[in-house]
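Below are the chains, spelled out letter by letter.
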Amino acid sequence: MLDPIQYDSIKCGHGSVLSVLQGAIFPGETAWQAPSFETLLANPTCFGFFVAPQKNRETPFGFLLMQTVLDEAEILSFGILPKFRKKGVGSALLQHGLYFLQKQNITEVFLEVAEDNLAALKTYQALNFKQYGKRPNYYNRQKGVTCSALLLKKLLS
Ligand SMILES: CC(C)(COP(=O)(O)OP(=O)(O)OC[C@H]1O[C@@H](n2cnc3c(N)ncnc32)[C@H](O)[C@@H]1OP(=O)(O)O)[C@@H](O)C(=O)NCCC(=O)NCCS
């Protein structure tokens, strides 16, 4: 059983936390450095949420980072630490973000996901994201193998 969770807004100054969290969520990939996150967070169109145990809000175990352009939004980075996965937290965090976007009158959300990322695809499909495009051979895997990026979107009403 997972302890009760809490969502907290990501703010300027959270770049280091985000960089460490992203590194642990995407092992084997190069995490964005803290200053890169800070540059994004300095832009008022960029925002997001941490998810953490209610009893320990200082140690988030997942995050969702998004950016808006006019009435559209893009999911920039999103993930849950391995230990906390498959407990419904990823979907709950995503729904929290989508609800926030709706309140901001955002009408459509876009994202990019690797075709071999079944967990993420399942998560997005369960929330009714639909594929609208594909970038072949977009990601490099080991030993020269490549993987396509799928472009997904969801209409918010
Ligand atoms: C994608 C991710 C955020 C999902 O988080 P999570 O907390 O495990 O997701 P949930 O427990 O809410 O599960 C959501 C759905 O995905 C399914 N799912 C989760 N992990 C899965 C897996 N490894 N294989 C198959 N299905 C999976 C669940 O069964 C659930 O489907 P349902 O609603 O039909 O039952 C998490 O796997 C993660 O952080 N992955 C690494 C980072 C990443 O890939 N981010 C997205 C980049 S685009």
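Residues numbered from 1 in each chain as written. Predicted model: local features only at pLDDT ≥ 70, side-chain atom pairs only at ≥ 80, totals over all residues.

Undergrad: Describe the site of the ligand, listing the residues and the values that go with them.
TA: Neighbouring the ligand are 20 residues; Gly79, Arg85, Gly90, Ser91 and Ala119 lie closest to it. Of all elements in the fold, only strand E4 (72–80), helix H3 (89–103) and helix H4 (118–126) reach the threshold of two or more residues within the shell around the ligand. Ranked by the residues each element gives to the shell around the ligand, the list is headed by H4, at 6 residues. For the shell around the ligand, the residue count by class is 10 nonpolar, 6 polar and 4 charged. (Near = placed C-beta within 6 Å. Helix = DSSP H or I, 4+ residues; strand = E, 2+ residues; numbered from the N terminus. Nonpolar A, V, L, I, M, F, W, Y, C, P; charged D, E, K, R; others polar.)

Undergrad: Account for the packing of helix H1 (residues 15–25) against helix H2 (residues 34–41), with residues named and values stated.
TA: Contact pair H1 / H2: the axes reach a minimum separation of 8 Å and the direction vectors enclose 120°. Considered as vectors, H1 and H2 are oriented oblique to each other. Read as a crossing pair, H1 and H2 show a hand that is right-handed. Between H1 and H2, the residues in contact are Gly15, Ser16, Leu18 and Ser19 and Ala34, Pro35, Phe37, Glu38 and Leu41, respectively. Classifying every residue of the contact of H1 with H2 gives 5 nonpolar, 3 polar and 1 charged. (Axes fitted to C-alpha atoms, helices over the stretch in contact; angles between N-to-C directions. Parallel < 35°, antiparallel > 145°, perpendicular 65-115°, else oblique. Left-handed = near helix turned anticlockwise from the far one by under 90°. Contact = placed C-beta atoms within 7 Å.)

Undergrad: Mind laying out the sheet that holds strand E5 (residues 108–114), listing which residues take part and the relevant values?
TA: Here 7 strands make up an open sheet; going across it, the order is E1-E2-E3-E4-E5-E7-E6 and the pairing mixed. At either margin of the open sheet sits one strand with a lone partner, and together these are strand E1 (5–9) and strand E6 (130–140). Taken pair by pair, the neighbouring strands of this sheet meet at an average axis angle of 25°, ignoring direction. (Pairing = 2+ DSSP bridges.)

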